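One letter stands for each residue in the lines below.
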Amino acid sequence: MEPQQLLQIYLALWLAILGAALGSFLCCAADRGTLPTGRSRCDGCGHTLGARDLIPIFSYIASRGRCRHCGGAIPTRCLTAEVVGAAGFAALGLKFGPSPELVMQLILAALLLLLSLVDWTAYILPDKLLLAAAVNRLVFVLLLREPLEEALPQMALGAFSVSLPLLLLSLVMDALLKKDTLGGGDIKLLFVLGLYLSWLEMLLLLALACVLALLWAAGPGRRRAGGEIPLGPFLAAAWLAVTLFGAPLIQWYLSLLA
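This section reports on the structure supplied with the text. Note that the structure is predicted; figures quoted are calculated from it, not measured.

About the cut-offs
Residues numbered from 1 in each chain as written. Predicted model: local features only at pLDDT ≥ 70, side-chain atom pairs only at ≥ 80, totals over all residues. Heavy atoms only, no water. Helix = DSSP H or I, 4+ residues; strand = E, 2+ residues; numbered from the N terminus. Buried < 20%, exposed > 50% of the residue type's maximum accessible area, 1.4 Å probe, protein only. Contact = heavy atoms within 4.5 Å. Areas by Shrake-Rupley, 256 points an atom, 1.4 Å probe, with all protein chains shown as cover. Expected span 1.5 Å × (residues − 1). Arc of directions from axis to C-beta. Axes fitted to C-alpha atoms, helices over the stretch in contact; angles between N-to-C directions. Parallel < 35°, antiparallel > 145°, perpendicular 65-115°, else oblique. Left-handed = near helix turned anticlockwise from the far one by under 90°. Patch = residues over 30% accessible without salt bridge, like charges linked within 9 Å, V, L, I, M, F, W, Y side chains within 5 Å. Salt bridge = Lys/Arg side-chain N within 4 Å of Asp/Glu carboxyl O.

Moving on, we get to the overall build of the protein chain. Broken down by element type, the protein chain carries nine helices and zero strands. Counting only residues that meet the buried cut, the protein chain has 38% of its 258 residues in that class. Considering only contacts in the protein chain between residues 6 or more positions apart, those separated by 24 or more positions represent 65%. As displayed, the protein chain has an accessible area near 14900 Å², and 68% of this comes from carbon and sulfur atoms.

Have a look at this one:
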């Protein structure tokens, strides 16, 4: 194995640890509606949690998903956030290696994880987080020294390619059905993700997100109260898949049309 490959694997391992810890932190932030401060406590009994209770993933497994003080169930979303954070950060590390682009993608991944957690529980995608994700891309355009005459048109095309048609369709459907048919936050999120992806990648992202949401709705989502399924987490999952595997898949598809 070459030294560069070893370095990427080593980096991915540390990023997995960072992602798991960040996932735990962001889950607390989503639950509390603000950045957590002070010592962590059990939501059920209020007991202060020690170091053995706060090891991402392993503490949940060791305690079998229950508080060791009161026996109350620990929400599974905590474990999910830690696992997703670890897997996502490690995968991005393997994809991009040590580079400024990796930093940009990790920041976006963290923001998308927080957006997904908030959307899953509160059915909202906060504008402040969406703005932070957009600013992150604009800042790295300058840091990466991308030619603005090329980068800005490409970003605009990606941003509007899916979000604008969906906005127009949503307005028409709202008028016909006399109710909201697609959340404005979802359209804003698609606009932001388009700043990072090409228009072809955005089409793939939308298709994949819809498939994931439909599969969830047909399975576990049927038990969700009211039947409402937030789209934000599925858009975030589709973004990660497209970022990791989208380019070669699109090239393969286009080669079939040549």
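This part takes up helix α5 (residues 127–143). Given a rise of 1.5 Å per residue, 17 residues ought to cover 24 Å, and the 24 Å separating the end C-alpha atoms of α5 matches this to within 8%. Here α5 has its buried residues at Leu129, Leu130, Ala133, Ala134, Asn136, Arg137, Phe140 and Val141. End-on, the buried residues of α5 take up no more than an arc of 145°, which puts them together on one face. Away from the buried face of α5 by more than 90 degrees, exposed residues Lys128, Leu131, Leu142 and Leu143 are located. Residues of α5 that are buried sit in contact with α4 (100–122), α6 (148–177) and α7 (184–194).

Time to look at the packing of α4 against helix α9 (residues 232–257). Two elements in contact, α4 and α9, have axes separated by 8 Å at closest approach and are oriented at 155°. Classified by the angle between their axes, α4 and α9 sit roughly antiparallel to one another. Judged by the twist between their axes, the crossing of α4 over α9 is left-handed. Contacts between α4 and α9 involve Gln105, Leu108, Ala109, Leu112, Ser116, Asp119 and Trp120 from the first element and Gly232, Pro233, Phe234, Ala236, Trp239 and Thr243 from the second.

Together, Leu249, Trp252, Tyr253, Leu254, Leu256 and Leu257 give the surface a local cluster of nonpolar side chains, amounting to about 660 Å² of exposed area. Considering the arrangement of structural elements, one finds Trp252 in helix α9.

Opposite charge on two side chains permits pairing when their charged atoms draw close. Scanning all chains against the criterion turns up two salt bridges. A salt bridge links Asp127 to Lys188, with the nearest nitrogen and oxygen atoms 3.0 Å apart. Of the two residues, Asp127 is situated in helix α5 and Lys188 in helix α7; the sequence distance between them amounts to 61 residues. In this structure, Arg137 engages Glu146 in a salt bridge whose closest nitrogen and oxygen atoms are separated by 3.0 Å.

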